[in-house]
Amino acid sequence: MSETHATIAPGAPVFPPGRYGRRREPGRRRPLLLVLVGALLLALLGLLSVKLYGQYGDPDYRAEVITYTGITDSRVVVEFRVTVPEGGSATCLLRARSHDGAEVGHVETTVTAAPGERHVRTRQEVPTTARPFIGEVLRCRPAG
């Protein structure tokens, strides 16, 4: 005849005492370790975000097209404003596109701000191979 205990749930395995080693008590987790790992992960993600924002985020070199005029079969004149670090300079790529969107000309130009100034307003002629429809500034980057 087998022995039954009132405290053991029906269907739960019964192990002989001392035969399989000590059983681990359920429930004791390490919340402090989880909090520290989570905080470390957040700190690393924050540092990565700051690095990537500095590299690719809101740049110090911003260009705005004011107007494009002087459109002929061989050129367009683009007037634009560039924001640079104080007293700095930038190299900007300008392009002209035809009515169907094809690039018909481009030119790279360097602009320099006066000492103590952050904005440069300038005009640049973009020579073209066909009649342009629009002149635009693609990007500006640090000169050099």
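Student: Help me understand the side chain of T109 in this model?
Tutor: Inspection of the secondary structure assignment puts T109 in strand β4 (residues 103-112). On the basis of relative accessible area, T109 is assigned to the buried category, the value being 11%. Only 3.3 Å separates the side chain of T109 from the side chain of Q124, close enough to count as a polar contact. When near neighbours in sequence (up to four residues on either side) are disregarded, T109 contacts F80, A90, T91, C92, L94 and Q124.

Student: How should I be thinking about the state of the cysteines in this particular structure?
Tutor: A covalent bond bridging the sulfur atoms of two cysteines is what the word disulfide describes. In the structure shown here, the tally under the stated rule is one disulfide. Here C92 is linked by a disulfide to C140, with a sulfur-sulfur distance of 2.0 Å. Here C92 and C140 share a disulfide; its torsion about the S-S bond, 110°, makes the bridge right-handed. With C92 in strand β3 (residues 89-97) and C140 in strand β6 (residues 134-142), this residue pair connects regions lying 48 residues apart in the sequence. Grouping residues by exposure puts C92 and C140 together as buried.

Student: I would appreciate a short explanation of the environment of R81 in the present structure.
Tutor: Here R81 shows up in strand β2 (residues 75-83). Owing to a relative accessible area of 32%, R81 belongs among the partly exposed residues under this scheme. As for R81 and E64, which are separated by 17 residues in sequence, their C-alpha atoms are 5.3 Å apart. Among the polar contacts made by the side chain of R81, one reaches the side chain of E64 at a distance of 2.7 Å.

The rules behind these values
Residues numbered from 1 in each chain as written. Predicted model: local features only at pLDDT ≥ 70, side-chain atom pairs only at ≥ 80, totals over all residues. Heavy atoms only, no water. Helix = DSSP H or I, 4+ residues; strand = E, 2+ residues; numbered from the N terminus. Buried < 20%, exposed > 50% of the residue type's maximum accessible area, 1.4 Å probe, protein only. Polar contact = N/O pair within 3.5 Å; in protein donor to acceptor, adjacent residues only side chain to side chain. Contact = heavy atoms within 4.5 Å. Disulfide = S-S within 2.5 Å.

Interpretation in functional terms is not warranted from these geometric data alone.
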